[in-house]
Amino acid sequence: MSDSIVAVLCDQQCSSKGPLQKTSLTKRLSQSSTIGKLILLDKACQDPEKKLKKVTGRKVLFGGCPYLEESGFYSLAAESLGLDPGEMLVTDVKSSILDLYDNSETIEENLIGRLESLGRLLADSAPLKDRPVKLKRNVLIFGSGYSGLKTALELSGEKLSVDLVETEEPPLAPGCLAAGLGSPGLIEELTERVRTSEHVAVFPQTQMGPIRSVEKGFTVSFGRGEPREYGAVIFAPERTEAPAEQIGAWNLTRLYEWIGERRPIKGRIVFVLDRSSETPPEVTQDILTAAKVIKERSHAEIWILLKHIRVALPGLQELYDSTREMGVIFVKYRNLRLHNEFGDFQIAGEDPQSGAPFRIDNPDRVIIPGTSGLSASAASAAETLGLRLPGGRYTQPYSLWRLANESNHPGVLVCGSARGNMDAEGVAADAASVVQTLRARMVPEGITPVEHIASVDADRCVFCLTCVRVCPYHAMEKNIEERVAQPVTTACQGCGICAAECPAEAIDMRNLSRESVLAAMQAL
Amino acid sequence: MASRKVCVIGAGISGISVANDLSRAGIDVLLVDKNPYPGGQSVFYGCKATDECVRCGVCLVREAVATLKNQSTARCHFSSRPVGYRASGGSMELDIQTTANPIDWQACVECGRCQEACPEQAIQRVPGWKYFVNQNCTACGKCVDACPVGAISLERSTETKTMQVDGIVLAAGFEPFDPGINRKWGFGANPRVVTGSQMENLFFQEKYLPREAQSVAFVQCVGSRSLMEGEKHCSRVCCAYALRMAGRLKEEYPDLDIDFYYMDIQRFGKNFEEFWKQMQGKINLIASNPISIRTDKQGLPVVRYESLPELACREQPYDVVVLSNGITPAAESESLADLFSLDLDAAGFIRPAGNGSSVTGSRVFTAGACKRPMRIDDCVEDAATVTRRVMQNLGVQP
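Only a predicted model underlies this, so the values are computations on that prediction, with no experimental measurement involved.

## Some points on the overall build of chain A
From N to C terminus, chain A includes 16 helices and 27 strands. With 524 residues in all, chain A has 40% of them scored as buried. At a minimum sequence separation of 6, the contacts of chain A that also span at least 24 residues come to 71%.

See below:
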């Protein structure tokens, strides 16, 4: 193997007179296992083609001058050598040399390291052009609700192979969408399209095993089977709704089931909003849609009790107006009292403006929306994926310093209502946005890992918790027993904000060196 | 494959984000804006961070503008607007009318000498971008002499170019509601009554309030959720931005009394609830129906309001009153909708068909706040979605 790779040095900087000594480089390369030989092409070389013809085996082009790179010299050289761009390495030797902190030995080491890794990449027997690109192009989607299905469809259009994990059967999504009220048959149609897609494999009711970060990806095991490798994981669980807080009252999930059964609906139906917490506009939209459907099908009397109507969604104001025109009664309340005596409800309250009392006797159904959040299985999956739950209810820290769908775990993207309350349109847009994010982050070989992460010097840390406060990724935690702050390594994105803010200068960015900064600049 | 060309109309945060994303994907982008600079409404907003970031998103705009300047391959046509559009078969033709800018932004080296030379303060700098000439210009010509690279010329010529494009993204944005149309807000009559957008500009200049100000009132839902003014929709942003501004003012002037008049708080985002609770200790939140604002003998604005819990009509004078004006459709949205034969919704926003981010059946897409009121971070998210739809439509594969 060692003689099949030949490195071609193509720069004046690396000539026998330059700061990088050819003899010393050749000597070091001779000890390397992947790179066999070094050929120098510089001004002194009279007939480069002749020189190259003598050498058999695969070649790696190695250039060192950014100005030559800019002028397209290296790509021309690569073309004449019959090399792929992937077989070319350009390093700014000059600026490394100007760096006073480095001596030429470390530069050599750096260059040889990079040459070797390039050589190793090419060391496979097949030539690069014929080899299938080694992308980890398979993606795991957790959750088969609307967001999961939508994302799977979007991704299958990208010709990425997708594994879709269903956790609950049937999907537990509350909301008008799953019940087919808003757009009947939508979920069924989506499920059918996903199941028939050649790029998507569906794992029904699978318990996900531990997930491990491997180099540029993840491995996940399912049951007893072999662990599978993924380039990225998308967390798109369905929302679930907690039971109504009042005994005898229904939550929305139960109501949708009831409407779905298509039994005759009659009597007096009372919705109570803003009961223990404020009802968000997305839930209000679901409730109004349900009320409209009931009103269209029957002569039921519908009361909606609320503190404030929240209409801040497109079209919601119109929906509110049209339900009101259809005869749904909206009542604003304060000091609401709900009694349940042997199944008979007594509702009494006061008008918030005049204080006049009102009563609703013997309602047939009382519906109180429960708080929506992650189901137990989704929460445990979030834990497996290393996602943190800052509010306890949603899975993603609310942060602006990143693309919207990225989570605190690099490579794990969050989609759909796991990010917060969302209407159907929002979920569809979110699915497209998560695929866009994935494309932006997916490089050959999968997701780029974070190389430098924060580390805290425990002796210096004064436990002021500035870092915990400023971290945009919720990647700093307090260790109360030892009275130090400690980084969460899976969540740290290496932004360095904590290191800059720390008044005790106790935080160091590990692996962040001048070379890595230079390499990052090179990559740009 | 021949390179695809997409025209993005509007260089606000949505338009710039779409342009940056598309040009990163190797698509040829034309960015057209009526202003002589990119960034739209939000580029002159100020950061509202107290001791911690409150996620107003203004920095995202600066970042997007900087990316456009330094990294993007998008070609910018400022002071331009589309005047004609023809689609036949596979080809789309767009007429762009451009009024020449006094400052050629491509030649400008950002030395700032024109700004020093200008006696009218007519030359302004856009954060992250270069200089432009505003309406104060009297064409005295001092800047022309001051410019070392000859980038300024005061001849205003108008030309119209026709170009072939493969897709169009409409990101025409919004316009802040003008409370001057109703005298009850006292806006325009009293300089101490300012709108939220004016306040944003003061924040941008880090001027905040006059020194002697003791009390400030924020009045919510100005020009939204009101039938009287014909703006029924909720603007989605005012509650949050007004609270952030109030928090920032409290940080700057700890002794300031801040009263916050709201009808009902519309909450968005995950952290809003916690933010609301935090603010409750700092400012007086008053549930009320503001009736009118008049000026008293000392020239101070007086807020007359109906206090909801007590149902009593009260009056209270303030040093400064901030009207949290809402988002209304851009003045151009009607003509743009006409041009591209799109529908407008009841409030006058451009109505997207299909899945909410694109107009199906043609290759005209809509992005950002021209569809509905959006926050800055919503716009960035929406831009990603639209980019994706455009790329799907053009058949660009990864």
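## Focus: the overall build of chain B
Helices and strands together make up the secondary structure of chain B, namely nine helices and 21 strands. Taken over the C-alpha trace, chain B has a radius of gyration of 22 Å; the compact-globule value for 398 residues is 21 Å, and the two agree within 12%. In chain B, which comprises 398 residues, the proportion classed as buried is 47%. Considering only intrachain contacts with a sequence separation of at least 6, the fraction spanning at least 24 residues in chain B is 68%.

## Concerning the packing of helix α2 (residues 58–70) of chain B against helix α9 (residues 376–394) of chain B
Residue and element names in this part refer to chain B. Their axes nearest at 8 Å, the elements α2 and α9 cross at an angle of 45°. Classed by the angle they form, the pair α2 and α9 counts as oblique. Listed contacts from α9 to V58, L60 and V61 of α2 are I376, D377 and V380. In the contact of α2 with α9, the residues fall into five nonpolar, no polar and one charged.

## Quick notes on the pairing of strand β13 (residues 268–272) of chain A
All names here are of chain A. β13 sits mainly inside the fold: four of its five residues count as buried. Judged from the five bridges that link them, β13 and strand β14 (residues 301–306) form a sheet pairing that is parallel. By the bridge assignment for β14, I269 is matched with I302. For the handedness criterion, the β-α-β arrangement of β13, helix α10 (residues 281–297) and β14 is classed as right-handed. Bridge count for β13 against strand β19 (residues 365–367) is three bridges, and the pairing is parallel. Considered in β19, the bridge of V270 is made with V366.

## Structural notes on unusual backbone geometry
Residues and elements named next belong to chain A. Unlike most non-glycine residues, D274 shows phi in positive territory, near 55°. By the secondary structure assignment, D274 is in the loop between β13 and α10. Of note in the backbone geometry, F463 takes a positive phi value of approximately 60° without being a glycine. Here F463 is to be found in the loop between β24 (454–456) and α14 (466–470). What makes F463 partly exposed here is the crowd of 16 C-beta atoms within 10 Å.

## Notes on the domain arrangement of chain B
All names here are of chain B. For chain B, the assigned domains are domain 1 (5–100 + 157–173 + 330–394) and domain 2 (177–327). Distance between the C-alpha centres of domain 1 and domain 2: 31 Å. With eleven residues of domain 1 at the contact, the number on the domain 2 side is 18 residues. Among the residues forming the side of domain 1 that touches domain 2, the class breakdown is seven nonpolar, two polar and two charged.

## A few points about the packing of helix α5 (residues 196–204) of chain B against helix α6 (residues 238–252) of chain B
Residues and elements named next belong to chain B. With their axes 11 Å apart at the nearest point, α5 and α6 run at an angle of 40° to one another. Judged by the angle between their axes, α5 and α6 are oblique. You can see that α5 and α6 cross each other, and the crossing is left-handed. When α5 is examined against α6, the residues G196, M199 and F203 are found in contact with a partner set consisting of C238, Y241, A242, M245 and R248. Across the contact of α5 with α6, the residue classes tally to six nonpolar, one polar and one charged.

## Remarks on the sheet that holds strand β1 (residues 5–9) of chain B
All names here are of chain B. Read across the open sheet, the five strands follow the order β3-β2-β1-β9-β21; overall the sheet is parallel. Where the open sheet ends on each side, the last strands, each with one partner, are β3 (75–77) and β21 (364–366). Strand-to-strand twist in this sheet, taken as the mean axis angle between neighbours without regard to direction, amounts to 20°. Judged from the three bridges that link them, strand β9 (residues 167–170) and β21 form a sheet pairing that is parallel. Within β21, the position partnered with L170 by the bridge is T366. Running over the sheet, helix α1 (residues 13–24) touches β1, β2 (28–32) and β9 and is turned about 165° from β2. Packing of α9 onto the sheet brings it into contact with β1, β9 and β21, and relative to β9 it is tilted by some 165°.

## Let's talk about the sheet that holds strand β15 (residues 301–307) of chain B
All names here are of chain B. Ordered in space as β11-β17-β12-β13-β14-β15-β16, the seven strands form an open sheet in which the pairing is mixed. The sheet is open, and its two borders are formed by β11 (193–195) and β16 (312–317), each paired with just one other strand. When strand polarity is set aside, the average angle formed by the axes of neighbouring strands in this sheet is 40°. Where strand β12 (residues 215–222) meets strand β13 (residues 257–262), five bridges bridge the pair, whose relative direction is parallel.

## Some words on the nonpolar core
In this structure, V8(B), I168(B), V169(B), L170(B) and V321(B) are the most contacted members of the largest nonpolar core, which totals 110 residues. The biggest single contributor to this core is α6(B), with nine residues. Each of domain 1 (5–100 + 157–173 + 330–394) and domain 2 (177–327) of chain B gives at least three residues to this core. Residues I141(A), F142(A), A381(A) and V435(A) belong to the second largest nonpolar core, which totals 47 residues.

## Looking at the pairing of strand β25 (residues 476–479) of chain A
All names here are of chain A. Of the strand pairs in this sheet, β25 and strand β26 (residues 484–487) are connected by four bridges, and their pairing is antiparallel. Along β26, the bridge assignment pairs K478 with A485. What sits between β25 and β26 in their antiparallel hairpin is a turn of four residues, with R483 showing a positive phi close to 55°.

## Some points on the environment of Q121(B)
Its place among the elements puts Q121(B) in the loop between α3 (113–117) and β6 (123–125). Expressed as a C-alpha distance, the spacing of Q121(B) and C137(B), which sit 16 residues apart in the sequence, is 8.0 Å.

## Quick notes on the confidence of the model for chain A
Residue and element names in this part refer to chain A. For chain A, per-residue confidence averages 73 on the pLDDT scale, and 61% of positions sit at 70 or higher. Predicted confidence for residues 92–103 stays below pLDDT 50, and this span has 20 contacts to residues more than four positions away or in other chains. Predicted confidence for residues 124–135 stays below pLDDT 50, and this span has twelve contacts to residues more than four positions away or in other chains.

Each value, and the rule that gives it
- Residues numbered from 1 in each chain as written.
- Chains lettered and ligands numbered in written order.
- Predicted model: local features only at pLDDT ≥ 70, side-chain atom pairs only at ≥ 80, totals over all residues.
- Helix = DSSP H or I, 4+ residues; strand = E, 2+ residues; numbered from the N terminus.
- Buried ≥ 20, exposed ≤ 12 C-beta atoms within 10 Å, placed from the backbone.
- Contact = placed C-beta atoms within 7 Å.
- Rg over C-alpha atoms; globule rule 2.2 N^0.38 Å.
- Axes fitted to C-alpha atoms, helices over the stretch in contact; angles between N-to-C directions.
- Parallel < 35°, antiparallel > 145°, perpendicular 65-115°, else oblique.
- Nonpolar A, V, L, I, M, F, W, Y, C, P; charged D, E, K, R; others polar.
- Pairing = 2+ DSSP bridges.
- Right-handed = clockwise from strand over helix to strand, strands pointing away.
- Domains from an automatic or database assignment.
- Left-handed = near helix turned anticlockwise from the far one by under 90°.
- Core = buried A, V, L, I, M, F, W, Y, C linked by C-beta atoms within 7 Å.
- pLDDT = per-residue confidence, 0-100.

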